[in-house]
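Summary of structural features
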Amino acid sequence: MLEQKRYKNIIWIFMILFVVFSVTALSFFTQKENESTNIHEKVVELYFNNTAEGKLHAEERVIQADSENELLYSVLNELKVGSKIEGNKIAVPKDVTILQAVVEEDIAVIDISNDYHSLTLGEKIMCRCAIVWSVTSLDFINYVHIKIEGKEVKKTSGEAIGLMSRENTLINPTISPESKRYEIVSLYFADKTGKKLVKEEREIEISQIQTREKSVVEQLIIGAKEQGHISVIPSDIKIRDVTTTKEGICYVDLSSDSINKIINGNINERIAIYSIVNSMVSLYNVEKVQFLIEGEKIEETMGHLDYTKPFEGIDI
C-alpha cells in the first residue's frame, strides 16, 4: 500500500516537473521568437536621387532578414533595385557591385567594386550619401566605412574619408563650381528637308549629378543652333532617365505620353529616334540604344520601328 502511494507521488512529481518544463520551454521559445521578430522585419529609409531637383529623397520600405548582416545586404540590394516613386532614380548605379558588407559593432563595413571610379565626382558623392543615409536608418548602425576593393575611399585631396555618419555626411551636399567640366559632343538634327540627319558639334557642361548621356538628350530637346538644322525632339518630351551599362547599352527611359508624341506626332518618327540614337552612339561608352517606357522594356511593335530591341547608329 505504501509502495503504491510512493509510486503515485513519484508520478505526480514527474507530471508537475513536466508541466513546469513545458511552460518554461514555451516561455523561452516565445521570448526568442519575439526577439528574432525584431530582427526579421525593419522599416528603413532608402535614399534615391530626384532627377527634377537633383537631391536625395527618402522612401520608406519594409525589409526582412534573419540577421543584422542580412538586413544590411537587404538595404544595399534595395538601393540598387531602385525607387518605386516616379522621378526618383538610383543613386547607387547597378554597375557598382557590392562585394562584401558586414556589421562590426555599430559600423557597417561595405566593400564595393572598382566601377565606382568610373563615376563623375557628383555621382560619387550622391552614391556615398545614399549609402550612408540609407544604411544608418537601421537602428543598430551609426557609422559606415566604405572601401573600394579593399582600399580606402579618398577625397579629391587624397585624404582618406574614413568613417561616415549622418553627422559628417550632408544629405544634399553642394558640389563646388570648380568640379564642373565641359565636353564637345556630337548632336544630330534634321536638315532643312526634314528627311536627313546632320551633325552639330557643341560644347556642353556635363552636370555632376546626372549622366553624360542625359545631358546629351537635354541638348537635343533644347534644339538646333546652327542655320539649316531643324530640331526633331518635341520640347515638352519627358525623359525619365538615361543610363548606360558596362556592355555599352544605353537605356533611354521615356514617359508613355512622350513616346506617343514621337510615334503619333507631326514629326518624322525615324528621324527623331535616330537623332537620339546617333547622338548617343557618338559617345565613347555607348554601342546601342534601348528605349524604355515608364521603366519597362517595350515588348510589342509600336509605330514604324521595332522598339523591342536596341538600336544601332546608322547613316541617314
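Presented here is an overview of the structure given in this document. None of the values given here were measured: they were computed from a predicted structure.

Here's the deal with the overall build of the protein chain
- Scanning the protein chain from terminus to terminus reveals 6 helices and 13 strands.
- A total of 316 residues make up the protein chain; the buried ones form 45% of that total.
- Look at the contacts in the protein chain between residues 6 or more apart in sequence, and 59% of them connect residues 24 or more apart.
- Within the structure as shown, the protein chain displays about 17,800 Å² of accessible surface, and the carbon and sulfur contribution to it stands at 51%.

Digging into helix α3 (residues 121-135)
- In this model, α3 (15 residues) spans 21 Å end to end at C-alpha, consistent with the 21 Å of a helix rising 1.5 Å per residue.
- Taking burial as the measure, the 15 residues of α3 include 14 buried ones, the bulk of the element.

Focus on the packing of helix α2 (residues 68-81) against α3
- Their axes nearest at 10 Å, the elements α2 and α3 cross at an angle of 140 degrees. As judged from the angle between their axes, α2 and α3 are oblique. By crossing handedness, the relation of α2 to α3 is classed as right-handed. Across the interface between the two elements, L72, V75, L76 and L79 of α2 pack against A130, I131, S134 and V135 of α3.
- Broken down by class, the residue content of the contact of α2 with α3 amounts to 7 nonpolar, 1 polar and no charged.

As for the layout of surface pockets
- Of the pockets and cavities examined, the largest pocket occupies roughly 1,300 Å³.
- Every residue lining the largest pocket is counted, 43 residues in all, and those nearest its centre are P93, D241, V242, T243 and T244.
- Counting residues per element, the lining of the largest pocket draws most heavily on strand β10 (residues 239-244), which supplies 5 residues.
- Each residue belonging to the lining of the largest pocket can be placed in one class, and the counts come to 13 nonpolar, 14 polar and 16 charged.

What counts as what
Residues numbered from 1 in each chain as written. Predicted model: local features only at pLDDT ≥ 70, side-chain atom pairs only at ≥ 80, totals over all residues. Heavy atoms only, no water. Helix = DSSP H or I, 4+ residues; strand = E, 2+ residues; numbered from the N terminus. Buried < 20%, exposed > 50% of the residue type's maximum accessible area, 1.4 Å probe, protein only. Contact = heavy atoms within 4.5 Å. Areas by Shrake-Rupley, 256 points an atom, 1.4 Å probe, with all protein chains shown as cover. Expected span 1.5 Å × (residues − 1). Axes fitted to C-alpha atoms, helices over the stretch in contact; angles between N-to-C directions. Parallel < 35°, antiparallel > 145°, perpendicular 65-115°, else oblique. Left-handed = near helix turned anticlockwise from the far one by under 90°. Nonpolar A, V, L, I, M, F, W, Y, C, P; charged D, E, K, R; others polar. 1 Å grid on protein atoms, 1.4 Å probe; cavity = no way out; pocket = protein on both sides within 12 Å on 5 of 7 lines; lining within 4 Å. Points joined across faces, edges and corners; volume = space filled by probe spheres on them.

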